[in-house]
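Read off the chains here:
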Amino acid sequence: MTTTPIRGKPASAGPAQQPFSYPLRREFVEPDWRRLPGYKDVSQAEWESSVWQRKHTVKNLKELKAALGHFLPDDLLASMERDQQERATMSILVPPQMLNTMDETDLWNDPVRRYMLPAFDDRHTEWPNHPKASRDSLHEADMWAVEGLTHRYPTKVLAEMLPTCPQYCGHCTRMDLVGNDVPQVQKHRFNLGQKERYEQMLDYLRRTPTVRDVVVSGGDIANLPIQSLEPFVSALLDIPNIRDIRLASKGLMAIPQHFLQDSVLQGMERLAKKANERGVDLALHTHVNNARQLTPLVGKAVRKLLDMGFRDVRNQGVLLRGVNSTPKDLLELCFTLLDHAKILPYYFYMCDMIPNSEHWRLSVAEAQQLQHDIMGYMPGFATPRIVCDVPFVGKRWIHQVAEYDKERGISYWTKNYRTGIEGNDPDALSRKYEYFDPIYTLPESGQQWWREQAKAA
């Protein structure tokens, strides 16, 4: 075979051997739930019912054992039980849809199990906590303009609509507020009733024209009845200065059956129509951390939203060691999102510094390397940015670090705006804000320095 010369030279470029191989090899199918002992007699109609999924959501280890049967090793069960008593910041809540995406033949090493059903033996023995870890690691409650409405950025706010989700993830950033009490954490509660909180949020936004962007979150909007969600979002659409609305839901992945209900689809379609009429961008943000969690039911729900006029469905994942912390895992997730589920890879956050999260967290240097390693594979618009959510600063691309002491694992970050609690603080824009690597990734000298700091504290 001959090739046509290009600029006088024989054509020589072509597919090269790459560190990551495309196309994807994993088949995009709904795993057969009937392989799991607890679901062996469940019909397709039951499985695709959100009512059935919620009714059979696993809420404790006894229910987990009933669902997984002999696939759940006794030593893993015992380790999970100890974790619930001594380490976990979230109670157990896992829908059948999510259990079905786990590898039942190797649950100890399954990436979905690792972060949704943590075991004591997963945790780091010497450093389960960073000395600087805190319950509200991003200080969101400190920046409430009214209860539940965080005004952190100049033009953006976060509306925490409710304190529950259809599933609880071990690394939950909002573990201070979301979910049931556990031995390690007595959860905080909203003081105001739902109606009063929503009215105060809307009133603040009506009289604050600098805000153009609202993230409607929680908890999770999948736990908010459409009869409550729709009027709140519709009221946002009536505020002239609001130009972007993002609905945040892990539930799109965890219980896509919710978004396929007629009542939910009808409510979402009315909102999409109104948003288009008002020239407002309406999008949905979800939270998928591993490619195994994406199934055709998720893709079906996404297509419904896009067809009715949602601008985008985007993914905001969290970097978690053992879940998605290799270039292969991250690229497989991104391509599965893009090719099969029609979800745009958007952000991957550093895991926040909540208690007992050190074994999941990556260092800034590791995150920088991951960003380097995934570049060039996907189209630019679908190449996710890896960001560090720095307390009192906000999202920063991982290479925006101002200074980095790798010996002690302390990075320093700057910002170009003031948060609401800083008022006219003249030093806010020149101050350097600290962020801390997991200690066990440091050299021994750095670990020793932190041991001394911990003793002093």
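Scroll up for the structure.
The shown structure was predicted, so the numbers you read here are calculated from the model rather than taken from an experiment. (Residues numbered from 1 in each chain as written. Predicted model: local features only at pLDDT ≥ 70, side-chain atom pairs only at ≥ 80, totals over all residues. Heavy atoms only, no water.)

Caption draft 1: Region of the structure containing helix 15 (residues 444-456). End to end, helix 15 covers 18 Å across 13 residues, agreeing with the expected 18 Å (1.5 Å per residue, within 8%). Within helix 15 the residues assigned to the buried category are G446, Q447 and W450. The buried residues of helix 15 occupy an angular sector of 100° when projected down its axis, which confines them to one face. With respect to the buried face of helix 15, the exposed residues turned more than 90 degrees away are K455 and A456. Here the buried face of helix 15 lies against strand 12 (410-413) and strand 13 (433-436). (Helix = DSSP H or I, 4+ residues; strand = E, 2+ residues; numbered from the N terminus. Expected span 1.5 Å × (residues − 1). Buried < 20%, exposed > 50% of the residue type's maximum accessible area, 1.4 Å probe, protein only. Arc of directions from axis to C-beta. Contact = heavy atoms within 4.5 Å.)

Caption draft 2: Focus on the sheet that holds strand 3 (residues 156-160). Sheet architecture is open: 10 strands sit in the order 1-2-3-4-5-6-7-8-9-10, paired in mixed fashion. Edge positions in the open sheet fall to strand 1 (144-146) and strand 10 (394-397), since each of these has one partner strand only. Relative to strand 5 (residues 244-248), strand 4 (residues 213-217) is paired through four bridges, and the arrangement is parallel. In the sheet register, D213 faces strand 5, and the bridge partner there is D244. Seen against the sheet, helix 13 (residues 327-341) touches strand 7 (313-318), strand 8 (344-349) and strand 9 (385-390) and runs at an angle of roughly 145° to strand 8. (Pairing = 2+ DSSP bridges. Axes fitted to C-alpha atoms, helices over the stretch in contact; angles between N-to-C directions.)

Caption draft 3: Local environment of the sheet that holds strand 11 (residues 403-405). Pairing is antiparallel in the open sheet, where three strands are placed in the order 11-12-13. In this open sheet, the two edge strands, each paired with only one partner strand, are strand 11 and strand 13. Each strand of the sheet is rotated relative to its neighbour by a mean of 20°, with strand direction disregarded. With four bridges joining them, strand 12 and strand 13 adopt antiparallel strand pairing. From the neighbouring strand, W413 faces strand 13, where its bridge partner is Y433. Strand contacts of helix 14 (residues 364-374): strand 11, strand 12 and strand 13, with the helix running at about 120° to strand 11, the strand carrying the most contacts.

Caption draft 4: Summary view of the nonpolar core. Core analysis: the largest hydrophobic core is formed by 116 residues, its most contacted members being Y39, V216, I245, L247 and M268. When near neighbours in sequence (up to four residues on either side) are disregarded, V216 contacts A159, M161, I221, L229, F232, L236, I245, R246, L247 and A248. Judged by nonpolar contacts, the second largest core, of 10 residues, contains L93, M175, V182 and V185. (Core = buried A, V, L, I, M, F, W, Y, C linked by side-chain atoms within 4.5 Å.)

Caption draft 5: Structural context of the side chain of S91. Here S91 shows up in the loop between helix 4 (74-86) and helix 5 (96-99). The exposure class assigned to S91 is buried, which follows from its relative accessible area of 12%. Of note is the side chain of S91, whose polar atom sits 3.3 Å from the side chain of N180. Look past the residues within four positions of S91 in its chain and what remains in contact with it is Q84, Y168, N180 and V182. (Polar contact = N/O pair within 3.5 Å; in protein donor to acceptor, adjacent residues only side chain to side chain.)

Caption draft 6: Quick peek at the pattern of salt bridges. Enumeration according to the criterion identifies 33 salt bridges in this entry. Where R123 meets D83, a salt bridge forms, and the shortest distance between an N and an O atom there is 2.8 Å. Placement of R123 in the loop between helix 6 (111-116) and strand 1 and of D83 in helix 4 is noted, with a sequence separation of 40 residues between them. As far as the burial class goes, R123 and D83 line up, both buried. Close ionic contact of R207 with D203 constitutes a salt bridge, the shortest N to O distance being 3.0 Å. With relative accessibility at 54%, the residue R207 sits in the exposed group. We classify D203 as partly exposed; its relative accessible area is 37%. One salt-bridge network, held together by shared partners, links D281, R311, D312 and R314. (Salt bridge = Lys/Arg side-chain N within 4 Å of Asp/Glu carboxyl O.)

Caption draft 7: Up close: the packing of helix 8 (residues 226-237) against helix 11 (residues 262-278). Relative orientation of the contacting elements helix 8 and helix 11 amounts to 0°, with a least axis distance of 10 Å. Here helix 11 runs roughly parallel to helix 8, going by the angle between their axes. Judged by residue contacts, I226, L229, E230, V233, S234 and L237 of helix 8 engage S263, V264, G267, M268, R270, L271, K274, A275 and R278 from helix 11. Taken together, the residues that form the contact of helix 8 with helix 11 break down as eight nonpolar, three polar and four charged. (Parallel < 35°, antiparallel > 145°, perpendicular 65-115°, else oblique. Nonpolar A, V, L, I, M, F, W, Y, C, P; charged D, E, K, R; others polar.)

Caption draft 8: View of the side chain of N290. Note that N290 resides in the loop between strand 6 (281-286) and helix 12 (296-307). We classify N290 as buried; its relative accessible area is 7%. At 3.0 Å, the side chain of N290 forms a polar contact with the backbone nitrogen of R292. Among the polar contacts made by the side chain of N290, one reaches the main-chain carbonyl oxygen of V323 at a distance of 2.8 Å. Those residues within four positions of N290 in sequence are excluded, and the remaining contacts are P111, V112, V323 and L333.

Caption draft 9: Just the packing of helix 7 (residues 194-206) against helix 8, in detail. One can describe the packing of helix 7 onto helix 8 by two numbers: an axis separation of 10 Å at closest approach and a directional angle of 15°. Relative to helix 8, the element helix 7 is oriented roughly parallel. Crossing geometry of helix 7 relative to helix 8 is assigned as right-handed. Side by side, helix 7 and helix 8 meet where Q194, Y198, M201, L202, L205 and R206 of the first sit next to S228, F232, A235 and L236 of the second. (Left-handed = near helix turned anticlockwise from the far one by under 90°.)

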